[in-house]
Amino acid sequence: MTDWTDPTQVTRASALEMADAMRAGTVTSVELVQAHLDRIAAVDGPVHAFLYVNAEEALATAAAVDADRATGAALPLLAGVPIAIKDVLVTKGMPTTAGSRILEGWLPPYDATVTAKVRAARMPILGKTNMDEFAMGSSTEHSGYGPTHNPWDLERIPGGSGGGSSASLAAWETPLAIGSDTGGSIRQPAAVTGTVGVKPTYGGVSRYGAIALASSLDQLGPCARTVADTAALHEVMGGHDVMDATSLDEPVPSCLEAARDGAANGLAGVRIGVVKELGGEGYQDGVKQRFEEGLDHLRALGAEIVEVSCPSFKYALAAYYLILPSEASSNLAKFDSVRFGLRVERDTIEKTMGATRAEGFGDEVKRRIILGTYALSAGYYDAYYGSAQKVRTLIQRDFAAAFEQADVLVSPTAPTTPFKIGERIDDPLAMYLNDVATIPANLAGIPGMSLPAGVAPEDGLPVGFQILAPAHEDARLYRIGAALEKALVAQWGGPLASLAPELEVAP
Ligand code: GLN
């Protein structure tokens with residue numbers, strides 16, 4: 001039982017426990033927000049999950065929620081529960097950089113749809129979290145503002161591009177966070193920090209006001225330490241939006257109900273497909289071991305495990321690294337020194353644009369702009385971009401065939417546990433390989449979840465278990481994820497993050 005008068009215990013509760021305690025009158029939103037701000041002050045120096053802390057506004061939101069609650073007014077489920085937002089989402093009046101120096105000092109004049117939904121849900125926004133520049137990366141080392149460190153071991157990466165969001169959860173700086181997933185940037189950071197992250201069906205969450213990386217792949221999603229918390233946040237974020245032309249006009253999935261059903265009733269009759277191509281060679285032994293144990297739990301819960309094959313997945317990474325840079329090179333053309341952020345003045349406008357982009361963009365961003373403009377150039381368009389789009393269709397067909405045999409598909413989320421900061425920064429291909437298991441879902445637009453599977457015996461670091469469902473069937477992720485989580489948490493005695501070594505606290 002949480003002692004709500006003890007701020008160190010308060011930050012270890014789940015978001016839904018916090019919501020219950022506020023409703024019961026045991027804790028106030030101001031107390032919750034203050035406990036998290038104190039935790040950020042105590043540990044974020046070395047972790048560096050936050051680029052901006054929004055203390056004053058968060059406390060004001062909390063105070064308003066407390067006042068309304070005191071009158072007995074009806075409030076949304078997560079009202080008063082604090083949240084952190086990846087710096088890819090625009091937030092009116094709050095600096096937004098997408099991890100890039102080119103946007104340093106820019107104050108957005110409007111809110112992203114998801115930001116507006118979080119505000120409408122009366123959730124205090126603790127601040128903006130660090131990320132690889134324009135969400136390009138798997139380690140947060142490509143941030144223009146310095147890397148984020150993994151709370152499990154400060155010398156290791158917290159995943160990327162959403163390493164700020166995942167680290168803030170594992171460091172107990174926030175119970176909820178928002179991420180964006182173009183090739184795995186919600187799921188892989190969740191895997192390597194022992195937290196939960198979900199990429200919804202493409203179009204399920206509005207992208208309006210999310211700074212675009214690759215528009216046909218990008219999707220915003222919920223991050224937390226428990227499956228039920230991600231479910232509750234998904235329901236806040238989701239829904240149709242006329243401001244996003246790719247937004248699905250259908251009801252938000254019943255994520256929380258599905259999570260509760262899975263935890264209560266087990267998985268009798270559920271068919272789970274193990275993707276043959278997402279495992280084996282190149283995957284760390286401890287990752288494979290924890291994944292296999294996850295399968296044993298699913299069997300014990302009543303599920304039937306079958307093997308499925310997706311032969312085109314071996315081309316997914318190559319296709320992704322043509323499609324993504326092509327779309328990114330086009331999306332990033334708007335950073336031209338005229339409209340937003342940085343401007344490095346020269347004697348002509350062409351030179352001003354060139355100098356601004358040379359100074360404002362980091363190496364990885366430049367690499368991808370060059371790759372993308374090359375892949376889209378007249379002479380190579382068919383050979384590169386055109387072929388990659390055909391591979392994308394083959395991958396979608398592989399998924400369609402696999403979902404004939406199974407209700408969901410599963411794999412390890414990432415091939416290894418978190419690596420050391422600096423280890424892969426000079427080797428783009430080694431960095432890109434982190435996402436072999438997550439990228440196929442983005443190419444097909446289907447939803448995916450990563451939840452903790454335990455720690456690898458050889459290094460004591462977190463391993464992620466990935467679940468993939470057909471498009472529009474996001475609720476299945478929550479049902480199966482919550483059932484598996486319940487079995488695992490019974491062994492750990494709490495969320496996996498509670499097994500991480502204690503961070504040193506600044507005086
Ligand atoms: N790591 C992948 C990349 O660098 C995924 C990025 C993402 O999902 N935003 O492209």
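Criteria and thresholds
- Residues numbered from 1 in each chain as written.
- Predicted model: local features only at pLDDT ≥ 70, side-chain atom pairs only at ≥ 80, totals over all residues.
- Heavy atoms only, no water.
- Helix = DSSP H or I, 4+ residues; strand = E, 2+ residues; numbered from the N terminus.
- Buried < 20%, exposed > 50% of the residue type's maximum accessible area, 1.4 Å probe, protein only.
- Contact = heavy atoms within 4.5 Å.
- Areas by Shrake-Rupley, 256 points an atom, 1.4 Å probe, with all protein chains shown as cover.
- Lys, Arg positive; Asp, Glu negative; His and termini not counted.
- Charge placed at Lys NZ, Arg CZ, Asp CG, Glu CD.
- Near = heavy atom within 4 Å.
- Polar contact = N/O pair within 3.5 Å; in protein donor to acceptor, adjacent residues only side chain to side chain.
- Nonpolar A, V, L, I, M, F, W, Y, C, P; charged D, E, K, R; others polar.
- Core = buried A, V, L, I, M, F, W, Y, C linked by side-chain atoms within 4.5 Å.
- Pairing = 2+ DSSP bridges.
- Axes fitted to C-alpha atoms, helices over the stretch in contact; angles between N-to-C directions.
- 1 Å grid on protein atoms, 1.4 Å probe; cavity = no way out; pocket = protein on both sides within 12 Å on 5 of 7 lines; lining within 4 Å.
- Points joined across faces, edges and corners; volume = space filled by probe spheres on them.
- Left-handed = near helix turned anticlockwise from the far one by under 90°.

Participant: Even after reading the chapter, I still don't get the overall build of the protein chain, so can you show me in this structure?
Facilitator: A count of helical and extended segments in the protein chain gives 17 helices and eleven strands. Principal-axis analysis of the C-alpha atoms places the extent of the protein chain at approximately 65 × 55 × 45 Å. When each of the 507 residues of the protein chain is scored for burial, the buried share is 60%. In the protein chain, 75% of the contacts between residues at least 6 apart in sequence involve partners at least 24 apart. Looking at the protein chain as shown, the accessible area adds up to about 18300 Å², and 55% of this sits on carbon and sulfur atoms. Side-chain charges of the protein chain comprise 40 positive and 61 negative groups, with the mean position of each set lying 4 Å from the other.

Participant: Would you mind going over the site of the ligand with me for this structure?
Facilitator: For the ligand, the set of nearby residues contains 16 residues, the closest of which are Thr182, Gly183, Ser185, Tyr320 and Asp435. Here Ser138 contributes a side-chain N or O atom positioned 2.9 Å from a nitrogen atom of the ligand. One of the side-chain nitrogen or oxygen atoms of Tyr321 is found 3.3 Å away from an oxygen atom of the ligand. Protein chains shield 100% of the accessible area of the ligand, which is 290 Å² for the free molecule. Among the elements that make up the shell around the ligand, the one with the highest residue count is helix H11 (residues 316–331) (three residues). Split into classes, the residues belonging to the shell around the ligand amount to six nonpolar, seven polar and three charged.

Participant: So what exactly am I meant to see when it comes to the nonpolar core here?
Facilitator: Nonpolar side chains tend toward joint burial in soluble globular proteins. Formed by 130 residues in total, the largest nonpolar core has its most connected members in Phe134, Leu298 and Phe465. Per-element tally for this core: the top contributor is H11, with nine residues. Apart from the residues lying within four places of it in its own chain, the contact partners of Phe134 are Ala98, Ser100, Ile102, Leu103, Ile211, Leu213, Leu332, Phe335, Phe361 and Val365. Ala58, Ala84, Leu126 and Leu503 belong to the second-largest nonpolar core, a separate cluster that totals 19 residues.

Participant: Explain the pairing of strand S6 (residues 220–224) here, please?
Facilitator: Successive residues of a regular strand alternate their side chains across the two faces of the sheet. Judged by how many residues are buried, S6 sits mostly within the fold: five of five residues are covered. As paired strands, strand S5 (residues 196–199) and S6 are joined by two bridges and run antiparallel to one another. Along S6, the bridge assignment pairs Gly197 with Cys223.

Participant: Please clarify how helix H6 (residues 163–170) should be interpreted in this entry.
Facilitator: For an α-helix the count is 3.6 residues per turn, leaving residues at separations of three or four pointing the same way. Burial analysis of H6 places eight of its eight residues in the buried class, the great majority of the element. Among the residues trailing H6, Trp172 stands out with phi positive, at a value near 60°.

Participant: Would you mind going over the pairing of strand S3 (residues 125–129) with me for this structure?
Facilitator: The buried fraction of S3 amounts to five of the five residues, a majority that puts the element mostly inside the structure. Sheet analysis places strand S1 (residues 50–53) next to S3, joined by three bridges and oriented antiparallel. Counterpart to Phe50 in the pairing with S3 is Thr129. Pairing of strand S2 (residues 83–86) with S3, which is carried by four bridges, proceeds in the parallel orientation. Its bridge partner lying in S3, Lys86 is registered against Thr129.

Participant: What am I meant to see in the sheet that holds strand S4 (residues 176–180) here?
Facilitator: Hydrogen bonds between backbone atoms are what pair the strands of a sheet, whose relative direction is either parallel or antiparallel. Strands sit in the order S1-S3-S2-S4-S6-S5-S10-S11-S9-S7-S8 across an open sheet of eleven strands; the sheet is mixed. Looking at the sheet topology across the chains shown, the edges are occupied by S1 and strand S8 (304–308). The average undirected angle you get between the axes of adjacent strands in this sheet is 25°. Docked against the sheet, H6 engages S1, S2, S3, S4 and S6, running at close to 160° with respect to S4. Most of the contacts of helix H8 (residues 227–237) go to S6, to which it runs at about 150°, and overall it touches S2, S4, S5, S6 and strand S10 (448–455).

Participant: How should I be thinking about the side chain of Ser14 in this particular structure?
Facilitator: With respect to the helices and strands, Ser14 occurs in the loop between helix H1 (7–10) and helix H2 (15–24). In this structure Ser14 touches Thr226 and Asp229, once residues within four positions along its chain are discounted.

Participant: Would you take a moment to explain the layout of surface pockets for this structure?
Facilitator: One water molecule sets the probe size; rolling that probe over the atoms shows where empty space is left. Within this model, the largest pocket holds a volume of roughly 630 Å³. If you trace the largest pocket, you find 30 residues lining it, with Ser14, Glu17, Thr226, Ala228 and Asp229 closest to the centre. Mapped by element, the contributors of at least two residues to the lining of the largest pocket are H2, H8, helix H9 (255–265) and helix H17 (474–492). Its residues placed into classes, the lining of the largest pocket shows 16 nonpolar, five polar and nine charged. Of the volumes computed, that of the second largest pocket is approximately 270 Å³. Lining the second largest pocket are 17 residues, and of these Glu281, Tyr283, Pro415, Leu433 and Val436 sit closest to its centre. Considering only residue class, the lining of the second largest pocket consists of nine nonpolar, four polar and four charged.

Participant: Got a minute to help me understand empty space enclosed by the protein in this structure?
Facilitator: Following the criterion strictly, the structure yields three cavities of 30 Å³ or more and no others. Considered as a void within the structure, the largest cavity measures approximately 70 Å³ in volume. Around the largest cavity, the lining residues are Arg12, Arg39, Pro151, Ala170, Ala171, Trp172, Ala497, Ser498, Ala500, Pro501, Glu502 and Leu503. Looking at side-chain class alone, the lining of the largest cavity contains eight nonpolar, one polar and three charged residues.

Participant: Please clarify how the packing of H9 against H17 should be interpreted in this entry.
Facilitator: Working note: a packed helix pair is described by the angle between its axes plus the distance between those axes. Relative to each other, H9 and H17 sit at 35°, their axes nearing to 7 Å. Classified by chirality, the crossing of H17 by H9 is right-handed. Listed contacts from H17 to Cys255, Ala258, Ala259, Asp261, Gly262 and Ala263 of H9 are Ala475, Tyr478, Arg479, Ala482, Ala483 and Lys486. The residue makeup of the contact of H9 with H17, split by class, is eight nonpolar, one polar and three charged.

None of this, on its own, says anything about what the molecule does.
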